[in-house]
Amino acid sequence: MRSTVISLLAGTAVFAAGVGVWFGTGNDRSRPARAHQQVAVPAYWTPDAAGAQRFDALAEAVPTVGLAVVNGPTSSAPTPLDPATATQIRKLRRAGARVLGYVDTGFLGSTGMRTTRVNAGSTRGEDWRAQIEHDAATWFELYGDAGLDGIFLDQTVSSCGAGDATVTVYRGVVAALRQRRPGLFVAMNPGTQTDECYAEVADTLLIFENTYATYQQWTPPTWVSRYPAHRFWHLVHATGSPAEMVDAVALSKRRNAGFVYVTNDVIDATGSPWDTLPPTEYWAEELRRTVDIFPLEYATM
């Protein structure tokens, strides 16, 4: 795998340098003259020997891989400090990827999800907010020195809420995080159709997380076309064949996704679709397809 991907990226890096790849920092709302898509991977695997090889593959694929999310066994930062996790974060950062720590927001308790670390068992929004801020602080206390760039807020509510009550909570959370860590990069994952009120809350919104079969029929909200591509991220799993993967990547470009990740992995009894990488040839072709420039209508908006 190493020789395949390294030879691919020798050309990719040169190509990317000439098309204005977006590598902005948190809160950077600027738009390049030409948009370049990147792979963004939820790397939800353990940093054991096999996992370290997967992290190697991500590091080797920079700059086509621009973002990775690391997670712990309890959907929070591994505690106490896990040297293996810190090593992988450091590896990705040295390669030039942005690394985010996973934080579950539990839909702020609105679906019945219960806190586990702050007032455990609560469904109250205020307790979820306290847990979110606690979990984010723990990531940086333990792994900030390794180069952690930001936070990935998962299971976020997609609607503004009555009188913008829900989005106001998330705005407050993000503002508090950035007050403590200026320049913090924040991604939010409602994983579905999302109200425009969230467009300015996070640096990147993950607005699709589902199967390839669903993705074929899905249409993004109309407001998405008014924003830069780097503000949106799509995750497509159960994409069984390389031909389907090529189609999914092409669809993501037409749908203004600056970040994308497509995998053949599925949700089953053994785990999530984000606990491994696709087969070698599939992965190499995905990198090739992703590096292509966006259609002109998105590159010039």
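Everything here concerns the structure above.
### A few points about the overall build of the chain
Scanning the chain for helices and strands turns up nine helices and eight strands. When the 301 residues of the chain are sorted by exposure, 54% land in the buried category. Counting contacts in the chain only where the partners sit at least 6 residues apart, residues at least 24 apart contribute 74% of the total. Only carbon and sulfur atoms are counted for the fraction: they give 53% of the accessible area of the chain, which is about 12,000 Å².

### Description of the nonpolar core
Ranked by size, the top nonpolar core spans 81 residues in total, and within it Leu58, Trp139, Met188, Tyr198, Trp233 and Trp283 carry the most contacts. With six residues, helix α4 (residues 125-143) is the single largest residue contributor to this core.

### A look at the packing of aromatic side chains
Between two aromatic rings, the relevant description is the distance of the centres plus the angle of the planes. For the coordinates displayed, the defined rule picks out 14 aromatic pairs. When the centroid spacing of 6.4 Å and the interplanar angle of 85° are considered together, the rings of tyrosine 227 and phenylalanine 232 count as edge-to-face. Of the residues examined, tyrosine 227 reaches a relative accessible area of 14% and is grouped as buried. Looking at phenylalanine 232, the relative accessible area reads 1%, which means it is buried. Ring plane angle 75° and centroid distance 6.3 Å describe the contact between tyrosine 261 and tryptophan 283, whose orientation is recorded as edge-to-face. Of this pair, tyrosine 261 sits in strand β8 (residues 259-262) while tryptophan 283 sits in helix α8 (residues 280-290); the two residues are 22 residues apart in sequence, bridging distant segments of the chain. Here tyrosine 261 and tryptophan 283 have matching classes, each one buried. Chaining the aromatic ring pairs together yields one cluster made of Tyr44, Tyr102, Phe152 and Trp233.

### Here we look at the pairing of β8
Alternating positions in β8 separate into two faces, Phe259 and Tyr261 on one and Val260 and Val262 on the other, with burial throughout. For strand β1 (residues 38-43) and β8, the ladder comprises two bridges, and the chain directions are parallel. Bridge pairing links glutamine 38 to phenylalanine 259 in β8. In the sheet, strand β7 (residues 232-237) pairs with β8 via four bridges, with the strands oriented parallel. Its bridge partner lying in β8, valine 236 is registered against valine 262. Crossover handedness for the path β7 to helix α7 (residues 242-254) to β8: right-handed.

### A few points about the sheet that holds β7
Pairing is parallel in the closed barrel, where eight strands are placed in the order β1-β2-β3-β4-β5-β6-β7-β8. Looking at each pair of strands side by side, their axes are set apart by 25° on average, direction ignored. With five bridges joining them, β1 and strand β2 (residues 65-70) adopt parallel strand pairing. Across the sheet, the residue bridging to proline 42 is valine 69, located in β2.

Definitions and limits used
- Residues numbered from 1 in each chain as written.
- Predicted model: local features only at pLDDT ≥ 70, side-chain atom pairs only at ≥ 80, totals over all residues.
- Heavy atoms only, no water.
- Helix = DSSP H or I, 4+ residues; strand = E, 2+ residues; numbered from the N terminus.
- Buried < 20%, exposed > 50% of the residue type's maximum accessible area, 1.4 Å probe, protein only.
- Contact = heavy atoms within 4.5 Å.
- Areas by Shrake-Rupley, 256 points an atom, 1.4 Å probe, with all protein chains shown as cover.
- Core = buried A, V, L, I, M, F, W, Y, C linked by side-chain atoms within 4.5 Å.
- Phe/Tyr/Trp six-rings, centres within 6.5 Å; stacked < 30°, edge-to-face > 60°.
- Pairing = 2+ DSSP bridges.
- Right-handed = clockwise from strand over helix to strand, strands pointing away.
- Axes fitted to C-alpha atoms, helices over the stretch in contact; angles between N-to-C directions.

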